[in-house]
Amino acid sequence: MKVIIQTNKIKCDVGNCRNLAGFSVAPEGVGAGQYINLCDECMRALYGEIGVLLAKKRKSKKKSIEQRGQNDKV
Ligand SMILES: [Zn+2]
C-alpha cells in the first residue's frame, strides 16, 4: 500500500467533496482506476481521524497490560 502524489485532474473520492485529488492511496497490484483519490483537505482530515483511532487503540492496549501487571501483584 502506497500513497502517491496525484498529478492528474481527478476528483476527490470523498462523498460531497468537489476538490481535485492531490493524493491517491494505491494498493499493490491494483490499477489506477481503483485508487482512492483524496484532496489535500480530506487527506489531512483523514490523517487526524486515523491518528486519533490508532492512538486510542495503542492506549487501551497499554492499559490492559498495566492492569495485568497490577493483578499479578495482588
Ligand atoms: Zn476531498
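Above this text you will find the structure in question.
These numbers come from a predicted model, not from an experiment.

Enquirer: Help me out: how do you make sense of the overall build of the chain in this one?
Expert: Along the backbone of the chain there are 1 helix and 3 strands. Mapped from its N terminus to its C terminus, the chain presents α and β elements in the order β-β-β-α. Taking all 74 residues of the chain together, the buried fraction comes to 12%. When contacts within the chain are restricted to residue pairs at least 6 apart in sequence, long-range pairs at least 24 apart make up 29% of them.

Enquirer: Just checking my understanding: could you explain the nonpolar core for this structure?
Expert: One recurring pattern in soluble globular proteins: nonpolar side chains tend to sit buried together. Counting 5 residues, the largest nonpolar core consists of C12, A21, L38, C39 and C42. Setting aside residues up to four positions removed in sequence, L38 forms contacts with C12, D13, V14, A21, F23, V25, M43 and L46.

Enquirer: What should I look at first to understand the sheet that holds strand β3 (residues 36-38) in this one?
Expert: Taken in spatial order, the 3 strands of this open sheet run β1-β2-β3, and their pairing is antiparallel. Lying at the two open borders of the sheet, with one neighbouring strand each, are β1 (2-5) and β3. Adjacent strand axes in the sheet meet at a mean angle of 25° when their direction is disregarded. Of the pairings in the sheet, the one linking strand β2 (residues 23-26) to β3 comprises 3 bridges and is antiparallel in character. Across the sheet, residue V25 finds its bridge partner in β3, namely I36.

Rules of the game
- Residues numbered from 1 in each chain as written.
- Predicted model: local features only at pLDDT ≥ 70, side-chain atom pairs only at ≥ 80, totals over all residues.
- Helix = DSSP H or I, 4+ residues; strand = E, 2+ residues; numbered from the N terminus.
- Buried ≥ 20, exposed ≤ 12 C-beta atoms within 10 Å, placed from the backbone.
- Contact = placed C-beta atoms within 7 Å.
- Core = buried A, V, L, I, M, F, W, Y, C linked by C-beta atoms within 7 Å.
- Pairing = 2+ DSSP bridges.
- Axes fitted to C-alpha atoms, helices over the stretch in contact; angles between N-to-C directions.

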